[in-house]
Amino acid sequence: MREVVQSAWETCKLFNGTGMHMVLFLGCALLLGGLSKWNKEKSHAFLLSGYTACFFLIFFCPLTAKIIIDYCVGADVYWRMFWILPLPIVIAYAFSLRLKAGEGRFRRCLCAACMFVVIAVTGTVVYQTEPFVEAQNPYKLPQEVIDVCDMINEDAGDNSIEEKKAVVVNELVPYIRQYDGSIKMPYGRDATRGLGRRSKNCRRLYALMNSTEVNFKKLAKYAKKEECNYLVYYKNGFADEALRDLGHERIGESDSYYIYRLKG
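Residues numbered from 1 in each chain as written. Predicted model: local features only at pLDDT ≥ 70, side-chain atom pairs only at ≥ 80, totals over all residues. Heavy atoms only, no water.

Trainee: Explain the nonpolar core here, please?
Mentor: Nonpolar side chains tend toward joint burial in soluble globular proteins. Counting residues in hydrophobic clusters, the biggest one holds 39 residues, and the most contacted among them are Leu172, Ile176 and Met209. Where this core is concerned, the elements lending two or more residues are α7 (143–158), β1 (164–167), α9 (200–209), α10 (216–225), β3 (230–234), α11 (237–245) and β5 (257–261). Looking at this core element by element, the count peaks at six residues for α7. Apart from the residues within four sequence positions on either side, Ile176 is in contact with Val145, Val148, Cys149, Val168, Ile183 and Met185. One finds Met22, Leu24, Phe95 and Cys111 within the second-largest nonpolar core, a separate group that totals 30 residues. (Core = buried A, V, L, I, M, F, W, Y, C linked by side-chain atoms within 4.5 Å. Buried < 20%, exposed > 50% of the residue type's maximum accessible area, 1.4 Å probe, protein only. Helix = DSSP H or I, 4+ residues; strand = E, 2+ residues; numbered from the N terminus. Contact = heavy atoms within 4.5 Å.)

Trainee: Sorry if this is basic, but what is going on with the sheet that holds strand β4 (residues 249–253) here?
Mentor: Taken together, five strands build an open sheet; the order of strands is β2-β1-β3-β5-β4 and the sheet is mixed. Each end of this open sheet is capped by a strand with a single partner; those strands are β2 (183–184) and β4. In terms of strand pairing, β4 meets β5 through four bridges, oriented antiparallel. Counterpart to Glu249 in the pairing with β5 is Arg261. Sitting on the sheet, α11 is in contact with β3, β4 and β5, with an inclination near 5 degrees to β5. (Pairing = 2+ DSSP bridges. Axes fitted to C-alpha atoms, helices over the stretch in contact; angles between N-to-C directions.)

Trainee: Would you take a moment to explain the environment of Asn201 for this structure?
Mentor: In this structure, Asn201 sits in helix α9. Residues Asn201 and Glu241, spaced 40 residues apart in sequence, show a C-alpha to C-alpha distance of 25 Å.

Trainee: How should I be thinking about the side chain of Lys165 in this particular structure?
Mentor: By the element assignment, Lys165 lies in strand β1. Nearest to the buried, unbridged Lys165 among oppositely charged side chains is Glu226, at 4.4 Å. From its side chain, Lys165 meets the backbone oxygen of Glu226 in a polar contact 2.8 Å long. Excluding anything up to four places from it in sequence, Lys165 contacts Lys184, Met185, Pro186, Glu226, Glu227, Cys228, Asn229 and Tyr230. (Lys, Arg positive; Asp, Glu negative; His and termini not counted. Salt bridge = Lys/Arg side-chain N within 4 Å of Asp/Glu carboxyl O. Polar contact = N/O pair within 3.5 Å; in protein donor to acceptor, adjacent residues only side chain to side chain.)

Trainee: What should I look at first to understand unusual backbone geometry in this one?
Mentor: Even without glycine at this site, Lys140 takes up a positive phi of about 60 degrees. Its identity is not glycine, yet Ser160 carries a phi of approximately 55 degrees, on the positive side.

Trainee: Teacher, can you tell me more about the packing of α9 against α10 here?
Mentor: Two numbers describe a pair of packed helices, the interaxial angle and the distance between the axes. Packing of α9 against α10 brings their axes to within 9 Å, and their N-to-C directions diverge by 140 degrees. The pairing of α9 with α10 is recorded here as oblique in orientation. Judged by the sense of rotation from one axis to the other, the crossing of α9 with α10 is left-handed. Where α9 abuts α10, its residues Asn201, Arg204, Leu205, Leu208 and Met209 lie against Lys218, Leu219, Tyr222, Ala223 and Lys225. (Parallel < 35°, antiparallel > 145°, perpendicular 65-115°, else oblique. Left-handed = near helix turned anticlockwise from the far one by under 90°.)

Next up, the structure:
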């Protein structure tokens, strides 16, 4: 259980990053009761503060954290729990109550200016070059994903293949079905978390796709058991020769990958 709590704490620190908005949020949540003057305001403050307290209790409680991690979202994305935390609502409501209590236009303007400064200082500047990358296409997906999908679709059309199912390298797994939902896959992003409840054959297929020494005969065998008719693999002379010797046809290539139609 100690490991679960430690994992939750590390997740919290990772979500907070280098900014201090979480501290600002917690401070506002604590001050809501003191800032409330009327019964309606107090009830709103109690609701927001109570919700926040319940959230952190569930988030850090070893039992609930383990249930959520193991059966709901997984350890890698446990930070998404913070999406249901009303950070902007609590901060905005606390600031609104403080402005409402101010007397005189000048004091309110000064208070509002101070609030802007507090938000700016406790946050992180986002207008930097590091977080932003120019999109390669209107879909905002890696261009190679689109190229791979288009080649699979073109080949499927030329060969009257109605059901398209592809096994691809890990880098492409999160994106293929974002671009084209008609291309099925034996596994998705859940593969990085142990494939969930998928079959033993599917787990073997994933292991081979991520092995440093791939047995391509077994890889094709496991792929066919999952009814895959396409394989996308790294550009590699040995892999290309092995797959073509087994009778699988290379139908195209992108900058980094070869695309194969698996023989029936």
